[in-house]
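A structural walkthrough
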Amino acid sequence: MENNTTTITDPDGKYPEKKFTFDFSYWSHDGYNEREDGYLEPDGSKYADQAKVFDDLGKGVLENAWKGFNCSLFAYGQTGSGKSYSMVGYNPNKGIIPITCEELFKGIEEKKLTDDAEKEAEYQVSVSMLEIYNETVKDLLNVSSFKKGGLRVRQHPQKGFYVEQLQVAPVSNYSDIEARIAEGTRNRTLAATNMNATSSRAHTIVAINFAQKAKNEAGKSMTKTSIINLVDLAGSERADSTGATGERLKEGSMINKSLLCLGNCIKALADQQEGKHISVPYRDSILTRLLKNALGGNSKTVMIAALSPADINYDETLSTLRFADRAKSIKTKAVVNESPTDKLIREMKDEIKRLQELLENQGSGAVVVQGVSPDDVEEMRKAQEENLRRNQEEMDMMNQTWQQRLEEQRQVSQKLLDVEKTKQEARKTIPHLWNLNEDPMLTGMVLHLTPPGVSTIGNVDPASIVLKGLNIKKDHAVIENDSNSLIYLIPSGSESKLLINGKEITERIELRHNDRIMFGSNHLYVFHHPQDAAKQVKEGKVVEKVSFNSAQEEIAQNKGFDMNRAGKSKEDMLLQEDLIQIMPMVNEANAISEELDKKMLYEIALISPQARGLKDGRTEVSVKAKKLTNGNEFVWGRNDFIDRKFAMQEVYQMYVEEDEDWDKKHQGDYPFSESDDYEVIIGTCYLYVQSLAYLMDMEDNLAIRSFRGTEEGLMSVEAHPFSEAGELLVDEYVEEPGELVGKDIQFMINVKKILALPKRYHKVWCQYKFLLSDEWNKSQEIDASLNSELNFKKMFKTFPVTQQLMDEFENSPVVIQVWGKQRTEPDDPARVTMTTKELLALEDSVMTYTAPKKGVQNRASHESKELRRKESEINNLHVAVGNAKKAQQEIESDNVRLMRENDDAKREMMSMRRKLELLTGMVEEAKHKGDAMLLARPVEQVLRN
């Protein structure tokens, strides 16, 4: 970033540097110092802190609100790029939303103190907070709205789209609005955890309604209104990064739908600015409906594009920049919202009267609309009733004094505030649990006290602590508190899934301060023990800082993964980050499969770059899906699985809400499985072509190995050198590969057969990239058998041969991928009648490798059993990956050894050939001279050399 220009460079060097110009370009990645209070202040001129961003953007929003304009500010960008940090902030680093609210009330107080005319003015501020997740609207200030289907979005003739029954809370100062936002954030956290949702996939809109009532110069009472929309959008991961296209994209989750529609609206508005006659598809999603004014209507709008500087996010960052570049061309038409107060009331009364008459006529049957079905008429009637109700409420509020409204809201909120204050005071002395969330803004927002006595944990009342979601049982666990001294956690049964500090427990265990506890699949908490914490401080112990990532690393480490970062390469650390993200998702997918009885098992699969046909690169985290009824397996890429996992959540949520059509939500096998005809990679094999560098033929049977390192079959392959004219080179050996440099040579690879594949495959083919080429060479698809004849011949021209190619021949193999399609195997009748839970237990019992069980350290000096299916699965994977790497090393070692032996044999053969030629020459020369014998010394010299 430099001035107002943002420059992006392709880390692979494939594309030229690109520059984008905006009103402001901020760098907030590094170049700061952390003060004692935690605020991040600039260490030089490069870093833009929160105050700088507000001065440039937030102040303008606030000034326009005072003038009576509607204002909107929304943050767009991929997950983890800093959208929420910019909008909300963290601890002392307050974002635009809290600073705007704080400055608004400061401005009100200043006007009341400094301007006599303003003393009689009335300033009304109210706030609403909603979340859009999966095209469902939830009022974060009203938990009763967290119902099936959420709140409805309707359209008002003058005011546009609005959310029906959305609570708008009056506030009198910054503390009030801060408390409302905190309440909304807590409710958001609970909702996200209970429905297994991810905050990064939800949009949050905080709307501040600001009204100024004062007399104008003519003494007439005027009302100036402004709505400030502050929007934190969901992560903008590109849909095509999941690999979903065509019908698959249509079948995919609706989580990205709103962002796709937002992009379509931005494009259409930009096209309109260029003079094109095109309609804007606001109605395609709830988000775009609610943002209609912000995008192209009555509003002054600011957009923040949040970027990630990481080179692995180049594509997403470029996509965000292009989105912002298109958006900057849009022009809105904002007007001052000012009207006489009595006129607003009169118009409201007229509208109420009109709606009442219309409803009365409909009720008497006087209105008949041709071509409209009774259902549509009923829907129109309901909409009119809602408009009537809303207008009546607004008129009642206008007739009511502002102080009366504030007092009503204060009474409603006081009980909630008293409960929260009591809880915050109690946490100082009473042991309790506080939540961890992948979104730092939501960490610590949920608190469960565990006072002396017994606290029960379950998914329904009358449990002391109610947790809802996957793998939470009705009676899940019990916490026993012995006078705030010794505290124990006890599972309520063998099916209660509990992890403490990454290790599964099945027996009573003592809890200590800062223990990390996982209830079920996604309820992650930290145990806070005030008395134990004080004791540890007194003993001089350092209390570690716990975060969501550190807790997930701990779980991964206890399941066999090496999460130690010391001495790790950049690629290894990125792999660790992917594992931290994917592992809880795989656990959730398995829990959903078990809950919905989908008879599917999901496991992590690590795919090396070589197995993907690359010479080097990162090991990728993928997910293997297995049908438990017939054994067919599929491997999904990381992004494809993530998209599927969120689609699974949609289905699960409908199931929880007792929607009768929950099982019809997904079409066919998506998202839980694939059709058996899905293309899968069976394995890879390594063809070393070193002999071709010496113009020698080669023929071999290569092992086809899966990503686990197991042998899946054999490939019969041969390679031959050819002349420029296409003639097979026989007995044209060279002593050194360098002799071929500059010559025109052709090489042919023939994949003859694929042998001994498992019977479950009915189609098979192969593909590979020849050395120094990025082009895939793909064979035809043939029927699979024990002896599948491919005869896939491919000629490669090297005109001329280069030293680089010879180096590749010497050092790099040709990686051949073997792909196939699985047979539509009939389900095992015995397995079909079993539940997913029973099938998973059966899967455990037939595992060929069982990981050593690890005890859980109990502070009461007894050990708990280890019955960890998940640990066994992941450890099996870990061992399989180790076996795969070992097998690959052995293959490479064997090939290198064979190549060396082959080289030695070739050199020996060439030497013998030359000696034979010399001896033959000496014999011919002796014959020509008429000598009957050869001298021994010359013959001896030839043989020695």
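Criteria and cut-off values
Residues numbered from 1 in each chain as written. Predicted model: local features only at pLDDT ≥ 70, side-chain atom pairs only at ≥ 80, totals over all residues. Heavy atoms only, no water. UniProt positions renumbered as here; feature names shortened; annotations may be inferred. Phe/Tyr/Trp six-rings, centres within 6.5 Å; stacked < 30°, edge-to-face > 60°. Buried < 20%, exposed > 50% of the residue type's maximum accessible area, 1.4 Å probe, protein only. Helix = DSSP H or I, 4+ residues; strand = E, 2+ residues; numbered from the N terminus. Pairing = 2+ DSSP bridges. pLDDT = per-residue confidence, 0-100. Contact = heavy atoms within 4.5 Å. Polar contact = N/O pair within 3.5 Å; in protein donor to acceptor, adjacent residues only side chain to side chain.

Naming follows an unreviewed UniProt entry, where the protein appears as Kinesin motor domain-containing protein of Clavelina lepadiformis. Taken directly from UniProt, the Sequence similarities (unreviewed entry) text for the protein runs: "Belongs to the TRAFAC class myosin-kinesin ATPase superfamily. Kinesin family." Regarding the protein, the relevant UniProt record gives this comment under Subcellular location (unreviewed entry): "Cytoplasm, Cytoskeleton".

Comments concerning the packing of aromatic side chains
Inspection of the entire model under this criterion finds 16 aromatic pairs. Taken together, a centroid distance of 6.5 Å and an interplanar angle of 10 degrees make the contact between Phe 20 and Phe 22 stacked. The buried category is assigned to Phe 22, whose relative accessible area is 16%. Ring centres 4.1 Å apart and planes at 5 degrees place the aromatic pair Phe 770 and Phe 796 in the stacked group. Placement of Phe 770 in the loop between strand E35 (761-769) and strand E36 (776-778) and of Phe 796 in strand E38 (residues 787-798) is noted, with a sequence separation of 26 residues between them.

Re the sheet that holds strand E22 (residues 486-491)
By way of backbone hydrogen bonds, the strands of a sheet pair with one another, either parallel or antiparallel. Judged by pairing direction, the sheet is mixed, and its five strands sit side by side in the order E20-E19-E21-E22-E25 without closing on themselves. Of all strands in the sheet, those with a lone pairing partner are strand E20 (465-466) and strand E25 (509-510), marking the two edges. Here strand E21 (residues 477-482) pairs with E22 via six bridges, running antiparallel. Looking at the pairing, Glu 480 lines up with Tyr 488 of E22.

Observations regarding the confidence of the model for the protein
Counting all residues, the mean pLDDT for the protein is 82, and 80% of those residues have values of 70 or more. Segment residues 239-253: pLDDT under 50, and 21 contacts once partners within four positions in sequence are set aside and those in other chains are kept. Low confidence marks residues 848-879, where pLDDT is under 50. Its contacts with residues over four positions away, or in another chain, come to 75 contacts.

Brief notes about the pairing of strand E17 (residues 432-435)
Along any regular strand, the residues point their side chains to alternate faces of the sheet. Burial along E17 is two-sided: His 432 and Trp 434 and Leu 433 and Asn 435, pointing in opposite directions, are all buried. Here E17 runs beside strand E18 (residues 447-449); their pairing, made up of three bridges, is antiparallel. Across the sheet, residue His 432 finds its bridge partner in E18, namely Leu 449. Bridging between E17 and strand E27 (residues 523-528) involves four bridges; their strand directions are antiparallel. Directly across from Trp 434, in E27, lies its bridge partner Val 526.

Thoughts on the UniProt feature "binding site: ATP" (unreviewed entry) in the protein
UniProt's feature table lists "binding site: ATP" (unreviewed entry) at Gly 77, Gln 78, Thr 79, Gly 80, Ser 81, Gly 82, Lys 83 and Ser 84, given in the numbering used throughout. Within the fold, Thr 79 resides in the loop between strand E5 (71-77) and helix H2 (83-87). Tracing the backbone through its elements, the reader meets Ser 81 in the loop between E5 and H2. Separated by 2.6 Å, the side chain of Ser 81 and the backbone oxygen of Gln 78 make a polar contact.

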